[in-house]
Amino acid sequence: MLSYLAERAAWMALALFGVSVLTFGLGALAPGDPAEVVVERRLNQPPPREQVEEERRALGLDRPILQQYVRWLGRAVRGDLGRSWLRGIPVSDALRQRVPQTAALAAAAACLSILVGVPLGVLSAGRRSSLADHLCRVGSLLGASIPSYFVAYLLVFTFSVSLRALPVFGFGTPAHLILPAVTLALGPTSTLVRLTRSSVLEALGEDYVRTARAMGRGRLGVLFGHALRNALVPILTVIALSLGHLLAGAIAVETVFAWPGLGDLTVTAIKDRDYPLIQGVVLLSGAAYVLVNFAVDVSYGWVDPRIRVEKRRARR
Amino acid sequence: MKLRIALALLVLAAGCSGDDSEVGSAGAPAEALPFEQQTLTMATPGDVFITRNRVLLGMWPDNANICEPLLGIGQDLQTVPVLATKTTFMGGNTFRFELRRGVTFHNGAPLNAEAVRASFARVAEKQLALTSFIGPDSAKVVDELTVDVTPTQPNLRLPEIIAHPNFSIIAPGTDPADKPVCTGPFQFAEYTPNDRFVAQRFDGYWGEKAKLRQLIFRFIPDQNTRRLALESGEVDGIYFLPPQQVASVKGRSGLKVAPTPPGATVVLSTNLHGPAGFDLMQDLDLRRALALSLDPKALAEVQWQGTAQVISTVSPPSVLGSGPAQVRTITNDLAQAQTILEDKGWKKGSDGIREKDGRKLTLVTPAQFDFEPESLQFIQAQARRAGIDLKVEKAPDGAAYGQKINSGQWDVDINYWNQNDGNPVSIPARLWYGKNTNARIKYTGVGEKFDALVSEALATPDTKEAAAKSVEAMKVLIEEQHAAIPLTSFPQIFALKSSVAGFTAHPSVNQQPWTAVYRTK
């Protein structure tokens, strides 16, 4: 198991290195002279050449690109992602202010999609070709197809404007979380329903399920205790991918609901061409994505003993 | 299961049908709510305070009336006394301001000349001076309630320029980035970045006390969400309603619209001295044909739903007093535009665009990045009727746009300009004046005659005379040179609950007064 973990950790480190190269490249390839932008924003007028050169030296932009990358990476590893050009505060502070909101929204949406998506998928598979199955399939298709901003407006119009049951925007109370979380959860839930259904259907055709039935296990026991457990690996993979997306910040959802998370920060950073901030968001999102996938990779061995056994055999 | 589906469909149907009776109360009675309930919540597009290290917290762009400058601007864009009761031109480049007696800051400290000196030094230090040329030592204390201000360069438009929230007077020893402590009718209560800014009434205010107990700005970036928040009753009013939504808001009971007097202008600018490849607008006849091909009246009626007005100057008419009528309109004669182009040898090609000697009449147009796309397309379509192709190259942001304009690699620019102070020559001096060396965006080269008139406007202490000189300069800019083609002057539009009373929209939204506003039952 330890060597399996070490192998996954090595792949994770490689992926993070790739993310860092791409993130740094984003700033380096961006049009315009960063030093000029920084000075112009500070002075609020076209900057004198000497001041631009001075700023370029101060930012280390006069050094070779490789040296710049190594310097940037060294700082990034220590948590120093530079300063936001427009806000004038450290990028890490700007991210720290937004991560809790995005994490809360992502966690709520993830819980919702798992709690709804997996049981619905199992139900759909267990009652194949029934009305419930058809409804689940059509519903999940619609959920995956409708753009999230449209769903967001529809929900706001229904539950906030017409029924006055939930707030339109903002954050701070559980009521504020409901509409953004439901909107955000819709896509992953639909995917989970479809995937769980197909995985469980496949498992239901296996010999061990027939054996379990022959041994007198109840319908639910067979579905959840045998079929679902054996179908969990692909489901976990999809959950991990969804969680990565959710943590990366749901741009449209956060903008519509004025939810002050990473997605909203990304939009304003892009609008302002605030490259250190954009780099910070991309790096953080990439790292979150890689870490979640690492956690899921590790959990495979726990969820499915066959993976542990295969690894052990391969070592021998 | 069927019952659940039916319920879900019912809920959706209720949502789609809308319910006017739920929104506000039509024909709201004029009786004011008790003072304890006088809280007004306004939705603004986003938290701009957070940028620039919060140096203008509560002052700009959302003005909570916490801080006040020495002078302000009224509904007619003319300066009015605020913290300074008397302004005297002392000769040379110096203005003397006599301060209002008995004014205290929110922390109880008295307003005095030292506070003004320190505030002006802060303006210089934080680079908030706009085109005022205020330096760190520009303000000098004369006595307890008198201060002299001398800009670092000749600038007799100073009184009009400092009527901007950037020049607010701050209590000595306080930092507005943490908590603005000033003299206004409201005082700071709470700021949660990206969520809300809260101000409450200052009972020790020197002037008319605010009717509201609390004023709240909520930051909602998405314009549709702002509108839905208003309809749901979560906010009492919203900034910047798109003109296309005016009719639908008017049609809903419990809501009303409040447009500002026109305080911004839409202007096409032509590149008189473009390099090779961008030299078509060097020809006065082509500039004239372009101007004649455009119909600002149709733009105002169709795109602005009748809320805009056709103009003949680059500044809003109100800031120029009686002057605008002296500048002739140079637009809206398509037949003449086509005749000019035919006479110059520009013939229509198969695609409807004119060409001459193998060169298409295509004009590179780097429109301001956030210029409304529908209006842009409308202007393009109008020019195309005459066979002129406005090839829009929108810049991604303000910095890129400025770089494009300053590089000279463009033919025609479409932009809108805000009049946020009372200076009648502000817009011409900022954009076309050859002697202005610190402009972010500048169209140069109108000529000595224009520069001389702007210089005279800047050199007179009398605002009316400055307005007259500004009009003269615009006659050169517009009538003679066609360097600028004014189209419309347009308002910003607020949407409010009908129960909000006493609200008068100010032509400069960042100077919006809140003292007279109150909520009715």
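Residues numbered from 1 in each chain as written. Chains lettered and ligands numbered in written order. Predicted model: local features only at pLDDT ≥ 70, side-chain atom pairs only at ≥ 80, totals over all residues.

A closer look at the overall build of chain A
Inference 1: Helix and strand counts for chain A come out as 15 helices and 0 strands.
Inference 2: Overall, chain A is about 85 × 65 × 30 Å in size when its C-alpha atoms are taken along their principal axes.
Inference 3: Counting all 316 residues of chain A, 41% fall into the buried class.
Inference 4: Long-range pairs, those at least 24 residues apart, make up 72% of the contacts in chain A between residues at least 6 apart in sequence. (Helix = DSSP H or I, 4+ residues; strand = E, 2+ residues; numbered from the N terminus. Buried ≥ 20, exposed ≤ 12 C-beta atoms within 10 Å, placed from the backbone. Contact = placed C-beta atoms within 7 Å.)

Considering the overall build of chain B
Inference 1: When helices and strands are tallied, chain B shows 13 helices and 24 strands.
Inference 2: Computed over its C-alpha atoms, the radius of gyration of chain B comes to 25 Å, within 12% of the 24 Å expected for a compact globule of 521 residues.
Inference 3: When its C-alpha atoms are laid out on the principal axes, chain B stretches across 85 × 75 × 35 Å.
Inference 4: Counting across all 521 residues of chain B, residues that qualify as buried make up 50%.
Inference 5: Summarising the internal contacts of chain B: among those between residues at least 6 apart in sequence, 72% fall at separations of at least 24. (Rg over C-alpha atoms; globule rule 2.2 N^0.38 Å.)

Some remarks on the sheet that holds strand E6 (residues 139-143) of chain B
Residues and elements named next belong to chain B.
Inference 1: The sheet built from 4 strands is open, its strands ordered E4-E5-E7-E6 with antiparallel pairing. Unpaired on one side and paired on the other, strand E4 (84-89) and E6 mark the two borders of the sheet. Neighbour-to-neighbour, the strand axes of this sheet turn through a mean angle of 25°, independent of strand direction.
Inference 2: Bridging between E6 and strand E7 (residues 146-149) involves 4 bridges; their strand directions are antiparallel. Residue pairing in the sheet places Ala-139 in a bridge with Val-149 of E7.
Inference 3: Relative to E6, helix H2 (residues 113-125) is tilted by about 175°, and along the sheet it contacts strand E5 (95-99), E6 and E7. (Pairing = 2+ DSSP bridges. Axes fitted to C-alpha atoms, helices over the stretch in contact; angles between N-to-C directions.)

Topic: the pairing of E5 of chain B
Residues and elements named next belong to chain B.
Inference 1: Burial of E5 is one-sided: the residues Phe-95, Phe-97 and Leu-99 facing one way are buried, the residues Arg-96 and Glu-98 facing the other way are not.
Inference 2: Here 5 bridges tie E4 to E5, and the two strands are oriented antiparallel to one another. Note on E5: the bridge partner recorded for Ala-84 is Leu-99.
Inference 3: Between E4 and the antiparallel strand that follows it, E5, lie 5 residues; Gly-91 among them carries a positive phi value of about 90°.
Inference 4: Where E5 lies against E7, 4 bridges are found, and the strand directions are antiparallel. Looking at E7, one finds that Phe-95 is bridged to Val-149.

Digging into unusual backbone geometry
Residues apart from glycine generally show negative phi values, whereas peptide bonds are mostly found in trans.
Inference 1: Here the residue pair Trp-60 of chain B and Pro-61 of chain B is connected by a cis peptide bond, since its omega of 0° sits within 30 degrees of zero.
Inference 2: With respect to the element layout, Pro-61 of chain B can be found in the loop between strand E1 (39-44) and strand E2 (71-73).
Inference 3: If you check the backbone angles, Ser-129 of chain A has positive phi at about 70° while not being a glycine.
Inference 4: Its place among the elements puts Ser-129 of chain A in the loop between helix H5 (91-126) and helix H6 (131-145).
Inference 5: On the basis of neighbour counts, which here come to 8 C-beta atoms within 10 Å, the residue Ser-129 of chain A falls in the exposed class.

What about the sheet that holds strand E13 (residues 264-270) of chain B?
All names here are of chain B.
Inference 1: Strand order in the open sheet formed by 4 strands is E14-E21-E13-E20, with antiparallel pairing between adjacent strands. Because the sheet does not close on itself, it has two edges, and the strands there are strand E14 (309-310) and strand E20 (412-418).
Inference 2: As defined by bridge partners, E14 adjoins strand E21 (residues 484-490) across 2 bridges and the pair is classed as antiparallel. Across the sheet, Gln-309 pairs through a bridge with Ser-489, a residue of E21.

Topic: helix H12 (residues 448-459) of chain B
Residues and elements named next belong to chain B.
Inference 1: Taking 1.5 Å per residue, 12 residues should reach 16 Å; H12 reaches 16 Å between its end C-alpha atoms and fits that length.
Inference 2: Among the residues of H12, those classed as buried are Phe-450, Asp-451, Leu-453, Val-454, Ala-457 and Leu-458. The buried residues of H12 occupy one face: seen down the axis, they fall within an arc of 165°.
Inference 3: Taken together, the buried residues of H12 touch helix H11 (426-431) and helix H13 (463-480). (Expected span 1.5 Å × (residues − 1). Arc of directions from axis to C-beta.)

Concerning the packing of helix H8 (residues 174-204) of chain A against helix H10 (residues 219-230) of chain A
Residue and element names in this part refer to chain A.
Inference 1: The interhelical angle for the contact between H8 and H10, taken along N-to-C directions, is 110°, at an axis separation of 8 Å. In terms of their interaxial angle, H8 and H10 are classed as roughly perpendicular. Contact residues: Val-200, Ala-203 and Leu-204 in H8; Leu-223, Ala-227, Leu-228 and Asn-230 in H10.
Inference 2: Grouping the amino acids of the contact of H8 with H10 by side-chain chemistry returns 6 nonpolar, 1 polar and no charged. (Parallel < 35°, antiparallel > 145°, perpendicular 65-115°, else oblique. Nonpolar A, V, L, I, M, F, W, Y, C, P; charged D, E, K, R; others polar.)

Regarding the packing of helix H6 (residues 284-293) of chain B against helix H8 (residues 334-343) of chain B
Residue and element names in this part refer to chain B.
Inference 1: Look at H6 against H8: their axes get within 7 Å of each other, and the N-to-C directions meet at 155°. By the angle class used here, H6 and H8 are roughly antiparallel. Considering how the two elements wind past one another, H6 and H8 form a crossing that is left-handed. Packed against H6, whose contacting residues are Asp-285, Arg-288, Ala-289, Leu-292 and Ser-293, the element H8 presents Leu-334, Gln-336, Ala-337, Ile-340 and Leu-341 at the interface.
Inference 2: Of the residues that constitute the contact of H6 with H8, the class distribution is 6 nonpolar, 2 polar and 2 charged. (Left-handed = near helix turned anticlockwise from the far one by under 90°.)

A closer look at the environment of Pro-185 of chain B
Residue and element names in this part refer to chain B.
Inference 1: The residue Pro-185 is located in the loop between helix H3 (158-161) and strand E8 (186-192) in this model.
Inference 2: Taking the C-alpha atoms as reference, Pro-185 lies 20 Å from Gly-173; in sequence the two are 12 residues apart.
Inference 3: Ignoring anything within four residues of it in the chain, the contact list for Pro-185 reads Asn-65, Arg-201, Phe-202, Tyr-205, Gly-207, Lys-209, Ala-210 and Thr-515.

Some remarks on the environment of Gln-377 of chain B
Residues and elements named next belong to chain B.
Inference 1: In this fold, Gln-377 is placed in helix H9 (residues 373-385).
Inference 2: A count of 13 C-beta atoms within 10 Å places Gln-377 in the partly exposed class.
Inference 3: Separated by 143 residues in sequence, Gln-377 and Glu-234 have C-alpha atoms that sit 35 Å apart.

With respect to the confidence of the model for chain B
Residues and elements named next belong to chain B.
Inference 1: Put simply, chain B has an average pLDDT of 89, and 92% of its residues get 70 or more.
Inference 2: Note that pLDDT drops below 50 for residues 1-28; the model gives that stretch 36 contacts with residues more than four away or on any other chain.
Inference 3: Across the interfaces of the predicted complex, the ipTM metric reaches 0.81, alongside a pTM of 0.83. (pLDDT = per-residue confidence, 0-100.)

So, the environment of Thr-520 of chain B
Inference 1: Here Thr-520 of chain B is to be found in the segment after strand E24 (518-519).
Inference 2: In the structure, Thr-520 of chain B is positioned 490 residues away from Ala-30 of chain B in sequence and 5.7 Å away in space, judged by C-alpha atoms.

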